[in-house]
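Structural overview for review
Residues per chain are reported as follows:
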Amino acid sequence: MSQVSDLLRRPWVRWLILLVVAVVLAVLPLMLPVFVNQTLTRIGVYAVAVLGLNIIMGYTGQIMLGQIFFLGVGAYVTAYGVVNDWNIVVIFIAACVIPALLGLIIAFAAARLGGLAIAMVTIALPIIGVPLAKRLSDLTGGSQGTSARFSSAPDWTGLYDDQWQYYVVIVIAAVAFALAYNLVRGKYGRAMRIVKENEAVARSMGISPYRYKVMAFTIAALFGGASGFLYMVAVQYTSPETMAFHHSISLLAAMVVGGAASIAGSLIGGIYYVLVPQVTNAIDPTITAISQGVILVAVLFLLPGGLVSLPRVIRRIFRRRSGGTDQTPSPQPTPPATQAEGSETERQA
Amino acid sequence: MGTFIQLVVDGLSTGSIYAALALAIVLVNQSTGLINFAQGAMAVFSAYIAYVFVGWGVPTILAILISLIISFVIGAVVERLLIRRFEGGDPDTAVVVTIGLLTLFTGICGWLWGYNNRQFPSLFPLDTINVFGAVISVRSLGTIAVLVAIMLLLQLLFIGTKLGLALRAVSFNPTSAALSGLPVGRLLMVGWGLAAALGAVAGALVAPQLTLTPTMMDTALVYALAAVIIGGLNSPIGAVVAAWGIGVLENLGAVYVPFIGHDLKIAVPFIILFVVLLLRPQGLFGRKVVVRV
């Protein structure tokens, strides 16, 4: 076990693994059926949205309930740009920047009140966003929604549409993940984590919690907007239903289930967001909401670090079992275990 | 003028419903320092319980009272079994638990009763009375009266009884309360139970107007949260006044400001909220919370 982890720590091994993953991701869609490709594409879309949520919630510790609103705005901006024949690069930039600006304005007010104000304000976003999208029918197409067909595969590629959409989404999602990875590892990421840990300590170190909350919120909104663009690439249609309130709750649940304050957890969150409703809907559509609630509460109880912390927890159980034979056979009480878990989550971030 | 009075009274009436939910949120926040995002979903569940009893032929008022008692028990049990484990830890985790409860309760309602709208009988007759040329519905007046009665009862409970004193002690300083022999855990259960019962009142008042659906209270929750922020998290009176203000202003806005209209009136509290947060972040009636390091 330790030999494997030693090997994993070497840079060249990591690059090799990354290369293999990239090659697999590149070759896979050429062989898979359309439905699987579309599912993988949607995982990419929502993984970016969860990633944004993770930056404000997982890393900066501010509960945010309106991420789907920014995804919706990004999608609408994309649709508007396509309908009005903007350049695709301009569309992408607008789909990122406009939600980010909205996020900046909202964060200016929401971050003023400490504690849970951001949560209480952002819960209103999807609930206002839906009637607003219906009302601004000139821009949004009203209740019917608006479609924008712009992500058909170009002729020179010789690809099918689903494959082309897959590549576009995966490439942009990969860039987003790389950017987020660097962000949370750098100076800003450390500052955000201190803000999460203790605002008074942050202030005493010259880090303004207000400024970092606003910054993290804006970045989250930017990622939300980018995922809105990707959503349009994958689905090519959006309606007010895209930003319904329950989707926002699902995104938050996906982030917690995947793993808060973890980049890999965001990817798992995206997988969870797409796959679990597909499974529960296939069994019985009325149990989708209830199963989500049960899973979320169960994860918080049993695995507060999310699914991403599962390997570590298993490893710890094994270590305890092998090391605990010569000591007292009674099982360890839970409090120290959860404590260790908490600190490890932080480190692993 | 008639329309104006009518709008104000109707606004106060819807405001009273938000106020009941807002009071429940303040109550939980005072005792445990949490925001219970599931308060609305729990209220919907209570309304469904009342609906079941009405379906069995129990008179409406009695059905609502039974659902109040059951809601109290549910609230206390939720605190004991789910929230207790996260108290004293990271408050954010506990709040995420309440968000999980929000989905859970909505999901339970949808699973048991489906997502179709159901008719819930009104507690008040649908008559109207004429005051200075304004047509005012008895239901609006009744709703306002119920909220005022709740406020008086709560005031009586918190100021006049030993239980109220103990509850205040726990919210003021749990550690000292425990040291002076108060059963803090049981009092927290009472706090959550009271909040759930308050939510049940809000649910029973709102259900006849909106018809019963699992997501009925989502909007009301947003209003109640806005009222709580505007009024100040630690001020029950502030929350009620803010809820009334929101109810009246959004009604007036919907009629007198053409762009807002009835579909966008939910944006009104949000705009008020925005201004209040920029000018007076601790809320209109709230005190600044000082954190000791």
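Just so it is clear, the model here is predicted, and its values are computed rather than measured.

A short note on the overall build of chain A
In terms of regular secondary structure, chain A is built from 17 helices and two strands. In summary, chain A has a C-alpha radius of gyration of 21 Å against a globular reference of 20 Å for 349 residues, a match within 12%. Each principal axis of the C-alpha atoms in chain A carries an extent, and together these give about 70 × 50 × 45 Å. In chain A, which comprises 349 residues, the share counted as buried stands at 49%. For chain A, the share of sequence-separated contacts (at least 6 apart) that also reach a separation of at least 24 residues comes to 78%.

Side note on the interface of chain B and chain A
At the junction of the two partners, chain B supplies 37 residues and chain A supplies 36 residues. At the level of secondary structure, the elements contributing two or more residues to the side of chain B that touches chain A comprise α4 (91–113), α9 (218–231) and α11 (267–279) of chain B. When residues in the side of chain B that touches chain A are grouped by element, the largest group, 16 residues, is from α4(B). The residue inventory of the side of chain B that touches chain A, partitioned by class, reads 26 nonpolar, eight polar and three charged.

A short note on the pairing of strand β2 (residues 134–137) of chain B
Residue and element names in this part refer to chain B. In terms of strand pairing, strand β1 (residues 128–131) meets β2 through four bridges, oriented antiparallel. Residue pairing in the sheet places valine 131 in a bridge with alanine 134 of β2. Between β1 and β2, which follow one another and run antiparallel, lie two residues, and phenylalanine 132 among them has a positive phi close to 50°.

Overview of unusual backbone geometry
All names here are of chain A. Positive phi values are uncommon outside glycine, yet aspartate 85 reaches one of about 60°. Relative to the helices and strands, aspartate 85 is located in the loop between α4 (67–83) and α5 (88–110). For glutamine 236, which is not glycine, the phi torsion reads 60° and is therefore positive. Take glutamine 236: there are 18 C-beta atoms within 10 Å of it, and that puts it in the partly exposed class.

Description of the domain arrangement of chain A
Annotation of chain A at the domain level lists domain 1 (1–31), domain 2 (38–286) and domain 3 (303–323 + 333–349). Put simply, the middle of domain 1 of chain A and the middle of domain 2 of chain A, counted by C-alpha atoms, are 27 Å apart.

Points about the confidence of the model for chain B
On average, residues of chain B score 87 in pLDDT, and 97% of them are at 70 or above. Among the scores for the predicted complex, ipTM is 0.86 and pTM is 0.87.

Digging into the environment of Phe70(A)
Residues and elements named next belong to chain A. Checked against the element boundaries, phenylalanine 70 lands in helix α4. When the C-alpha positions of phenylalanine 70 and isoleucine 271 are compared, they lie 20 Å apart, and in sequence the two are 201 residues distant. Contact partners of phenylalanine 70, with chain neighbours within four places excluded, come to Pro99, Gly103, Ala221, Gly224, Gly225 and Gly228.

Parameters at a glance
- Each chain has its residues counted from 1, following the order in which its sequence is written.
- Just so you know, chain letters begin at A and ligand numbers begin at 1, following the order they were written in.
- pLDDT decides what is reported in this predicted model: residues at 70 or higher carry local features, side-chain atom pairs at 80 or more are listed and counted, and totals for whole chains, interfaces and linings draw on all residues regardless.
- Going along the chain from the N terminus, every DSSP run of H or I of four or more residues is numbered as a helix, and every run of E of two or more is numbered as a strand.
- The reference for a compact globule is 2.2 Å times residues^0.38; the radius of gyration itself is calculated from the C-alpha atoms.
- Counting other C-beta atoms within 10 Å of a residue's own tells you its class, since 20 or more makes it buried, 12 or fewer makes it exposed, and anything in between is partly exposed; those C-beta atoms are placed from the backbone.
- Distance between backbone-placed C-beta atoms decides contact: two residues are in contact if it is within 7 Å.
- When residues are grouped by polarity, Ala, Val, Leu, Ile, Met, Phe, Trp, Tyr, Cys and Pro land in nonpolar, Asp, Glu, Lys and Arg in charged, and all others, Gly among them, in polar.
- Here, strands pair whenever DSSP counts at least two bridges between them.
- Marked domain ranges trace back to an automatic or database domain assignment.
- A score from 0 to 100, pLDDT tells how confident the predictor is in each residue.

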